[in-house]
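Coordinate analysis (summary)
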Amino acid sequence: MTLVDRAETHGAERGLRRLEAFSDAVFAIALTLPIVETKPPGAPAGPRVGASLLRAIAGQWRDQLALLLSFLAIGVYWLQHHNSGRIFVKSDYAFGVINLGFLLAVTALPYPLRLWCYHFGTVHERAASIVLTIALLMPPLFWLVKWVYAMGGLRLMDERLAPDFIFQMTRRYAIATGLHAAAVPIAMVAPRLGVALALGVITSFLVPLPKPRYKPGQEPEEREVSTE
């Protein structure tokens, strides 16, 4: 396939450096905010210490769980974003808009996660679980839309990539998005099972992604890989 066979892009075509730099900055802020929201015991906005500091710290387990889950979820999507650098070769206006939706979905995750942690084991757990599973569906949904848009006619992807590799990754992202979507109705009936499914799908992406495969004789040169 040659460059002229690519599908039409929308808006001005640009390189990826500025888009990746902006996305990395958003991820950095999103990963930092959850710990800023956790106030230590004795701080002006934190819980009272009482007779035992250790007991006061243990009493913040909901905040600590929310911090852990937020870092896990956001970190997983940063890994996907970081490792896609060898797949996408350029961007356009439409791709940037979809990426903004993806970043919004990721940066919003700490709120529903904290909501769920605060209402875990209460009468509001079901509602919080539904809100959380819907929120957890948004990042993979935007990612899949971004992937499919870039993939169409190799619009923004490296044309040297092997078709079986692109199909493998498309299937992986589609299955993950489908499981996230299934978690929403499950959460309506069995809240903890729905949340467990969604978090399990996210955790599964800690497994290293397949190494990009290329058409025979079209592998990138060593200098291309070393500069990424």
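Rules behind the numbers
Residues numbered from 1 in each chain as written. Predicted model: local features only at pLDDT ≥ 70, side-chain atom pairs only at ≥ 80, totals over all residues. Heavy atoms only, no water. Helix = DSSP H or I, 4+ residues; strand = E, 2+ residues; numbered from the N terminus. Buried < 20%, exposed > 50% of the residue type's maximum accessible area, 1.4 Å probe, protein only. Contact = heavy atoms within 4.5 Å. Lys, Arg positive; Asp, Glu negative; His and termini not counted. Charge placed at Lys NZ, Arg CZ, Asp CG, Glu CD. Polar contact = N/O pair within 3.5 Å; in protein donor to acceptor, adjacent residues only side chain to side chain. Core = buried A, V, L, I, M, F, W, Y, C linked by side-chain atoms within 4.5 Å. Phe/Tyr/Trp six-rings, centres within 6.5 Å; stacked < 30°, edge-to-face > 60°. Expected span 1.5 Å × (residues − 1). Patch = residues over 30% accessible without salt bridge, like charges linked within 9 Å, V, L, I, M, F, W, Y side chains within 5 Å. Areas by Shrake-Rupley, 256 points an atom, 1.4 Å probe, with all protein chains shown as cover. Salt bridge = Lys/Arg side-chain N within 4 Å of Asp/Glu carboxyl O. 1 Å grid on protein atoms, 1.4 Å probe; cavity = no way out; pocket = protein on both sides within 12 Å on 5 of 7 lines; lining within 4 Å. Points joined across faces, edges and corners; volume = space filled by probe spheres on them. Nonpolar A, V, L, I, M, F, W, Y, C, P; charged D, E, K, R; others polar.

1. Digging into the overall build of the protein chain
The helix and strand tally for the protein chain stands at nine helices and zero strands. For the protein chain, the spread of C-alpha atoms along the principal axes amounts to about 70 × 40 × 30 Å. Counting across all 228 residues of the protein chain, residues that qualify as buried make up 40%. Of all intrachain contacts in the protein chain linking residues separated by at least 6 positions in sequence, the fraction that spans at least 24 positions is 80%. Both charge centroids of the protein chain, one from 22 positive and one from 17 negative side chains, sit 10 Å from each other.

2. Observations concerning the side chain of glutamate 125
Relative to the elements of secondary structure, glutamate 125 occurs in helix H6 (residues 125–151). Owing to a relative accessible area of 8%, glutamate 125 belongs among the buried residues under this scheme. Of note is the side chain of glutamate 125, whose polar atom sits 2.7 Å from the side chain of arginine 192. Dropping the residues within four chain positions of it, glutamate 125 is found in contact with Trp116, His119, Phe120, Pro191 and Arg192.

3. Concerning the environment of isoleucine 29
Here isoleucine 29 is to be found in helix H1 (residues 17–36). Residue class for isoleucine 29 comes out exposed when judged on its relative accessible area of 53%. A sequence separation of 78 residues divides isoleucine 29 from threonine 107, and the C-alpha atoms of the two residues are 8.4 Å apart.

4. Here's the deal with the nonpolar core
Core analysis: the largest hydrophobic core is formed by 49 residues, its most contacted members being Phe88, Trp147 and Met157. In terms of residues, this core owes the most to one element, H6, which gives nine residues. Discounting chain neighbours no more than four positions away, the residues touching tryptophan 147 are Ile87, Phe88, Met157, Ile166, Met169, Thr170 and Tyr173.

5. A closer look at the packing of aromatic side chains
According to the stated counting rule, one finds nine aromatic pairs in the structure shown. When the ring of phenylalanine 27 is compared with that of phenylalanine 102, the centres are 6.2 Å apart and the planes differ by 55°; the resulting orientation is tilted. Of this pair, phenylalanine 27 sits in helix H1 while phenylalanine 102 sits in helix H4 (residues 93–107); the two residues are 75 residues apart in sequence, bridging distant segments of the chain. Judged by relative accessible area, which is 0%, phenylalanine 102 ranks as buried. Counting every residue linked through ring pairs, the aromatic cluster contains Phe27, Tyr77, Phe88, Phe95, Phe102, Trp143, Trp147, Tyr173 and Phe205.

6. A short note on H1
Counting along an α-helix, one turn takes 3.6 residues, and residues three or four places apart therefore face a common direction. Here H1 is 20 residues long and its end C-alpha atoms lie 29 Å apart, about the 28 Å a rise of 1.5 Å per residue gives. At its buried positions, H1 is contacted by helix H3 (61–83), H4 and helix H5 (110–119).

7. Comments concerning a nonpolar patch on the surface
A surface patch of nonpolar side chains, amounting to about 350 Å² of accessible area, comprises Ile29, Leu33, Ile35 and Val36. As for its placement among the helices and strands, isoleucine 35 is situated in helix H1.

8. Observations regarding the environment of alanine 181
Within the element layout of this structure, alanine 181 appears in helix H7 (residues 163–189). For alanine 181, a relative accessible area of 36% corresponds to the partly exposed category. Separated by 40 residues in sequence, alanine 181 and leucine 141 place their C-alpha atoms 8.9 Å apart.

9. Structural notes on the layout of surface pockets
Over the atoms rolls a probe the size of a water molecule, and its path tells where empty space is left. Taken as a whole, the second largest pocket encloses approximately 360 Å³ of empty space. Every residue lining the second largest pocket is counted, 15 residues in all, and those nearest its centre are Arg14, Leu19, Ser91, Asp92 and Gly96. Put simply, the parts of the chain that give the lining of the second largest pocket at least two residues each are H1 and H4. Take the lining of the second largest pocket: its biggest share by element is five residues, from H4. Here the lining of the second largest pocket is built from residues that sort into seven nonpolar, four polar and four charged.

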